[in-house]
Structures are given as C-alpha cells and as structure tokens.
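As a plain string of letters, each chain reads:
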Amino acid sequence: RLFTFCASMDEHPNIRYQAEGGACALKVAQQLNALMSGGAAPPSPSAGSSTLLILDRTHDPLATLLHEFFVQGCAVDMLKLEDGKYNHRGKVTLLNQEDEVWNDMSHVFIGAAQETVDRRKAELEQRPAFKMMQAQKTGQQMDVKGMSDVVKDLPRFKKEYERCLICVDVLMKMMGDAQKFIPSVEVEQALAVERIDKGR
C-alpha cells in the first residue's frame, strides 16, 4: 500500500524508521525499500526526495514536541526548576505539595493561574493580620479582641503571604519567558489537533 501510494504520487522517498523497539517498523522499511529498489519505483524528482518516517503504532511522535501548559510543567520548562528549587530574591525556596499556595496553583492551566492567585489574595485580605496592616496605614485603633486575633493569626498569615508573593514572582517570570514561545506554541497546538496551515 505504501509503495502504491508513493508510485501514484510520483515520489521516491528517503525511508527512515524507528530504531529502538521498532522491529515492526524495520521490517516495513526493509520491504518497502526492496520494492522501491526493484526498478518499479518512479525516479527521484528534480526538486529532491521527500522523507518517509516509519514508526511503530505505539510510538507517539507528537508528545515530545508539545510543551506542558499547566503551571508546574511550564515552570520546569521555562524556569529550569530542578527538584522544585526556585531562587526568589537571592534565597532558594522549595515549590512542593507542602506549600498550600503552590499546591493550589501548580496543577492549574497557565491561563487560569492568575485567577487562582487573585482568589488566594482575596482570602488573605479577609484575615485579621491584613486588617491590622490596613488599620495601621489609616491610623485607626484596634480593640483588644482584634489585637488578640491578630497575634494568633500573624505567624500563619506571614508565611502564606510570603508564599503568595513567591508564586506571583514565578508567574511573572514565566509570562516574561512565554513571549518567545508563542509562535512555537501555535504550531504545537495545530499539530495536537491535526490542523495546520501548510503555508506557514
């Protein structure tokens, strides 16, 4: 069938095949090459030969070309994270599942990550420690109960607030790097859905 197709298209392609784990691909490539070399194949066109790539059907040729579009995958690709280590303002920090903010955001599609951070920020703004910070800016006084709530909330608030800042920093750096990926991302998505503008 491949030979008939090539003959009908007036093609005499260069035959390439999957070497690793591709015994079936090798067999098909050898048989097709034998048919092509038997004299019945059309001569190579003046513009040059095409290339026929023969893969085992279990091999996915697209997966290796596609980027991961969830936050964690993008961070690993774009920021070259190793073992979840991220340099934030000169200090190495871990981005892992124990970090509640990162855990919320890491498996979110990159386009929706800002919404996740905004939701977390809105939650932080309802906490007693944040209200105290706002009160200090405006010169308002807090009652004893309010101060007690702040003392209890402050350690956890500071930790979560810092983690939120780190996640925002990660997003900002990724968005900066993403600009150079946009042309290749368009091609990747076209390949993934099998729609591609051949002119481009």
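The sections below set out a description of the structure shown in this document.

Rules used throughout
- Residues numbered from 1 in each chain as written.
- Predicted model: local features only at pLDDT ≥ 70, side-chain atom pairs only at ≥ 80, totals over all residues.
- Heavy atoms only, no water.
- Buried < 20%, exposed > 50% of the residue type's maximum accessible area, 1.4 Å probe, protein only.
- Helix = DSSP H or I, 4+ residues; strand = E, 2+ residues; numbered from the N terminus.
- Contact = heavy atoms within 4.5 Å.
- Pairing = 2+ DSSP bridges.
- Phe/Tyr/Trp six-rings, centres within 6.5 Å; stacked < 30°, edge-to-face > 60°.
- Salt bridge = Lys/Arg side-chain N within 4 Å of Asp/Glu carboxyl O.
- Polar contact = N/O pair within 3.5 Å; in protein donor to acceptor, adjacent residues only side chain to side chain.

**Comments concerning helix α6 (residues 128-138)**
For α6, the complete set of buried residues consists of A129, F130, M132 and A135. Here the buried face of α6 lies against α5 (113-124) and α7 (144-178). Residue G139 follows α6 closely and has a positive phi angle near 80°.

**A few points about unusual backbone geometry**
Phi at D10 takes a positive value of approximately 55°, unusual for a residue other than glycine. Its location among the elements puts D10 in the loop between α1 (2-8) and β1 (14-17). Located in the positive-phi region is K80, a residue other than glycine, with phi close to 55°. Position of K80 among the secondary structure elements: in the loop between α3 (71-79) and β3 (85-88). Residue class for K80 comes out exposed when judged on its relative accessible area of 63%.

**What about the pairing of strand β4 (residues 91-94)?**
Of the strand pairs in this sheet, β3 and β4 are connected by four bridges, and their pairing is antiparallel. Residue pairing across strands places N87 opposite V92, the latter belonging to β4.

**Examining the packing of aromatic side chains**
A complete count under the given rule lists two aromatic pairs for this structure. Between F157 and Y161, the ring centres sit 5.6 Å apart and the planes meet at 20°, which makes this aromatic pair stacked. Placement of the pair is F157 and Y161 together in helix α7, with a separation of four residues, close to one helical turn.

**Digging into the pattern of salt bridges**
Overall, the coordinates contain nine salt bridges when judged by the stated rule. In this structure, K121 engages E125 in a salt bridge whose closest nitrogen and oxygen atoms are separated by 2.8 Å. R156 is paired through a salt bridge with E160; the nearest N and O atoms lie 2.8 Å apart. In this pair, R156 and E160 are both assigned in helix α7, four residues apart and thus about one turn of the helix distant. On the basis of relative accessible area, R156 is assigned to the partly exposed category, the value being 49%. A network of salt bridges, in which partner residues are shared, links E100, D104, R120, R127, D153, R156 and E160.

**Quick notes on the side chain of D153**
Note on placement: D153 falls in helix α7. For D153, a relative accessible area of 11% puts it in the buried group. There is a polar contact of 3.3 Å between the side chain of D153 and the backbone nitrogen of A129. Those residues in contact with D153, other than ones at most four positions away along the chain, are R127, P128 and A129.

**Quick notes on the environment of F109**
Take F109: it is sitting in the loop between α4 (100-105) and α5. Note: C-alpha distance between F109 and Q72 (37 residues apart in sequence) is 9.2 Å. Aside from chain neighbours lying at most four places away, what touches F109 is F69 and F70.

Purely spatial values, then, with no claim about function.
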